[in-house]
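# Understanding the architecture of this molecule
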Amino acid sequence: MRLEIHKNFSYKLEDRLMQELIKRNTPEIADRFALEIEDRREGKSFYEIEACGDKIVLRGDCKISLAMAYYRYLKDCCGVNLAHCGNDRIGNITEAPLPACKTVRIIEQDKRAYMNYCTFSYSARWWDWERWEREIDYMAMRGINMPLSIVGYEAVLFYTLRDLGYTDDGALNFISGPAYLPWQLMGNLDSYFSLTDKAYVDKRLELGKKIIDRELELGMTPIQQGCSGQVPSTILRVLPRTNAYNVPSWCGFPVTYQIDPLDKNFRKFGMALLEKQRQLFGAHHYYACDPFHENKPPIKGDKYLQNVGKAISEMYTAFDSQAVWVMQAWSLREPIVKAVDKDKLLILDIDGSKCEKTDGFWGYNFISGTLNNFGDRNTLHGSIDALAENKFMEERKKYPNIVGTGLFMEGIFQNPLYFDLASDMLTRSDKPELDPWLKDYARRRYGSDEECLFEAVKDMHETCYSKACTGRETASIICARPAYEQRHTAPNDVFELRYDNEKLLDALENLLKAEHADTDGYRFDVCDLTRQVLSNYAKDLYKRSISAFDNKNISLFEKSVNTFVRLLEDVDRLLMTRPELTLGEHVRQANAYACSDKDRQNFELNELYMLTLWGPARSSQLYDYAWKEWGGMIKTFYLPRWYSFFEQMAVNFKKRKCTFTTTKRRYNDREDFDGTSFYKSVEKFENKWLSTYKPEQPSEEDTLEVARELFNFYAPMIRGVKA
């Protein structure tokens, strides 16, 4: 009967959109699919896959469910692995085998959220429409139905300020550059690497419209920007008699300005922003803002916070009767939360850590999130055992107000294995057995079922993806600003290795044994594991250098330092074989994104500062926050810093103690940015580099050949065998 119904089916817009998604990704087999939409099952989303005659029937309650069914079919029957790192396109699928049995999944997680504010900087800062279209397809296939949607908000700010009487230049000056705007939207800074060209604002407006329209067409519910009251310092010129106060400096940045939410002009300014957003992008009922994010309120006491919560919530409701305030759990304040009606608030538990501490967020609807990454640092890290425990299903037993799951990584271009399982868990209600899951993953990722590939991913499970690797990421010694007592590369990391590097070396060796693996994911992972193994070994060499200094063993010091330096050169050489792992490629993207020569210089500095000093330029507390083990970055930036450090150690070699990197003040348990004469010289080098760096072309060497060469050279050293 279903086949007869399908033959006479009159395709509506929703079917056309899904057909287009399928044609974009698998054009050769697009005509093999039949699409059917039915009612939800007992109030829940679902999808089904089955063979009917010569057709592959994808059935679900909405377009997102059909997209999930489509990708599930590709995984199960065509061996597809779609990832951000290698295998970033589905590939040329020319055959569509019929599924052997019917597949059914009931989706317990009603809301599936995606993206952290920071992701728009660390990962998506230079994406064009082609790249966003691929990402939106990817979201749909993974079941994501609540993406954060802030692309183009520059236009909301710009045109609202223009309406209030600001000039073009005055409005542009308030809006931070592409790499830093997300922190402005969270209320932490403004006017940093300010925009210079209205054409860029309009370009972003056009892109943002395409993004949000496509998300809506696919049935997603975008989370839009709300308003917590941040304004330019000159706001009193256009809104006199406004109670605007200085917000204390965040991480050393200049103070920002905030209209008190209890002031009458707060609603006037907020409604103007919301109305402008509606004019440009529509109003879609979910509005994100976090009052006093990572900062302190200007007035002490619960009463003030209650009034703030009430004022902001009432503004949203006055603007949109269906409005729901979306709040991150990072800076959650109980009095603000409890001032809002329970049906008017959705809390995002970004890293899943705040639920227990707040007794399930006091009964307010919340989404349990996965974070795992800061700054898009490319270190292998994350407990897949923790993912497989299915925290959503566990929390639902205690808290019926949990309404979904979310992926909130600050960056998405690392840890493809972890990300694959985390994405799968968005819609699973069981606890997968990891060995079968890993075996299937290896087959899909590498395009081969060789046992050595399964052994490789099992080795990864026992090392970088083990239970020990939960919480903070593993730091990089390569990217660390040199210090005698090295505690961190960046905030929120762990310097000590929590697994056996020789076991990770086994994973690399098993990958290299494969004879039939031929996917881009395979080549990426060989490069990535080689990078990680050598980066881990660099820590041993660093520690030996420090120990040799302390024990005045000049022979060991010279040997350790020379090997350390060569290793950094070798890692740089390897990474230059993958364009996406080179600094030059990202700087070229920044230049290409600009609309004018002035913007090109600005955007290039956006890119370089974010990766290095972060900011503010002369007093950074966040330096190296977004470190990258990238080709071109190691050779031109990180390695010269280490040269200077070891040269200074050699000068001090006869001294009883090393003190040239000891500073009086520390931030984030790291040395003060320019707290010694040595660090002042490092800062001088860094600023010169920022103004003189020129992109290099990627290498034409073969990734696998270079990786094998480095494995053969370093494996005996790492395993303690005399080379």
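Calculation rules
- Residues numbered from 1 in each chain as written.
- Predicted model: local features only at pLDDT ≥ 70, side-chain atom pairs only at ≥ 80, totals over all residues.
- Heavy atoms only, no water.
- 1 Å grid on protein atoms, 1.4 Å probe; cavity = no way out; pocket = protein on both sides within 12 Å on 5 of 7 lines; lining within 4 Å.
- Points joined across faces, edges and corners; volume = space filled by probe spheres on them.
- Helix = DSSP H or I, 4+ residues; strand = E, 2+ residues; numbered from the N terminus.
- Nonpolar A, V, L, I, M, F, W, Y, C, P; charged D, E, K, R; others polar.
- Salt bridge = Lys/Arg side-chain N within 4 Å of Asp/Glu carboxyl O.
- Buried < 20%, exposed > 50% of the residue type's maximum accessible area, 1.4 Å probe, protein only.
- Pairing = 2+ DSSP bridges.
- Axes fitted to C-alpha atoms, helices over the stretch in contact; angles between N-to-C directions.
- Parallel < 35°, antiparallel > 145°, perpendicular 65-115°, else oblique.
- Left-handed = near helix turned anticlockwise from the far one by under 90°.
- Contact = heavy atoms within 4.5 Å.
- Core = buried A, V, L, I, M, F, W, Y, C linked by side-chain atoms within 4.5 Å.
- Phe/Tyr/Trp six-rings, centres within 6.5 Å; stacked < 30°, edge-to-face > 60°.
- Lys NZ or Arg CZ within 6 Å of the ring centre and 35° of its normal.

Here we come to empty space enclosed by the protein. Applying the stated criterion across every chain yields a total of 11 cavities of 30 Å³ or more. Counted as a void, the largest cavity has a volume near 160 Å³. Considering the residues around the largest cavity, the lining is formed by 17 residues, among which Q184, L185, Q225, G226 and Q230 are closest to the centre. Elements with a minimum of two residues in the lining of the largest cavity: helix 6 (153-163), helix 8 (181-185) and helix 10 (264-281). For the lining of the largest cavity, a count of residues per class yields 9 nonpolar, 7 polar and 1 charged.

Before going further, it helps to spend a moment on the pattern of salt bridges. The full count for this structure, using the stated rule, is 69 salt bridges. In this structure, D76 engages R72 in a salt bridge whose closest nitrogen and oxygen atoms are separated by 2.8 Å. On the criterion of helical spacing, the pair formed by D76 and R72 is a turn pair, its members being 4 residues apart in helix 3 (residues 63-78). The exposure class of D76 is partly exposed, given its relative accessible area of 38%. For E585, the salt bridge goes to R588, with nearest N and O atoms at 3.7 Å. Of this pair, E585 and R588 both sit in helix 21 (residues 583-593), 3 residues apart, roughly one helical turn.

A word on the pairing of strand 5 (residues 111-114). Neither face of strand 5 is exposed, since K111 and A113 on one face and R112 and Y114 on the opposite face are all buried. Strand direction decides the pairing type here: strand 5 and strand 15 (residues 402-407), joined by 4 bridges, are parallel. Pairing of A113 across the sheet is with G406, part of strand 15. Relative to strand 6 (residues 146-147), strand 5 is paired through 2 bridges, and the arrangement is parallel. Residue pairing in the sheet places Y114 in a bridge with P147 of strand 6.

On to the packing of helix 16 (residues 434-446) against helix 17 (residues 451-461), then. Where helix 16 meets helix 17, the closest approach of the two axes is 9 Å, and the angle between their N-to-C directions is 125°. It follows from the interaxial angle that helix 16 and helix 17 lie oblique. In the packing of helix 16 onto helix 17, the handedness of the crossing is right-handed. In this structure, helix 16 uses L434, D435, L438, K439, Y441, A442 and Y446 to contact helix 17, whose residues at the interface are E451, L453, F454, V457, K458, M460 and H461.

Right, let's talk about the sheet that holds strand 10 (residues 256-259) for a bit. Strand order in the open sheet formed by 3 strands is 8-10-9, and the pairing between neighbours is antiparallel. Taken across any chain shown, the strands that pair with only one partner, and hence form the sheet edges, are strand 8 (230-231) and strand 9 (244-247). Pairing analysis gives 2 bridges linking strand 8 to strand 10, with the strands arranged antiparallel. Within the sheet, the bridge partner assigned to Q230 lies in strand 10 and is Q258. Together, strand 8 and strand 10 form the strand contacts of helix 10, whose direction differs from that of strand 10 by roughly 105°.

With 250 residues, the main nonpolar core has L58, W132, L567 and W614 as its most contacted residues. Among the elements that make up this core, the one with the highest residue count is helix 19 (residues 520-550) (14 residues). Other than its neighbours up to four places away in sequence, W614 contacts Y122, Y180, W183, L189, Y192, W250, F253, Y609, L622, Y625 and A626.

Residues in a regular strand point their side chains to alternate faces of the sheet. Residues T103, R105 and I107 line the buried face of strand 4 (residues 103-107), whereas the alternating positions V104 and I106 sit on a face that is not buried. Bridge analysis of strand 2 (residues 45-52) against strand 4 gives 5 bridges, and the strand direction is antiparallel. Within strand 4, the position partnered with I49 by the bridge is T103.

Attention now moves to the packing of aromatic side chains. On inspection of all chains with the given rule, the structure shows 51 aromatic pairs. Taken together, a centroid distance of 5.4 Å and an interplanar angle of 90° make the contact between W642 and F645 edge-to-face. With W642 and F645 both in helix 23 (residues 633-651), this residue pair falls 3 residues apart, about one helical turn. The class of W642 is buried, set by a relative accessible area of 1%. A residue is classified by how much of its surface remains accessible, and F645, at 0% relative accessible area, is buried. The ring of F549 carries the charged tip of K552 above its face, separated from the ring centre by 4.0 Å. Between the NZ or CZ atom of R566 and the centre of the ring of F713, over which it lies, the distance is 3.9 Å.

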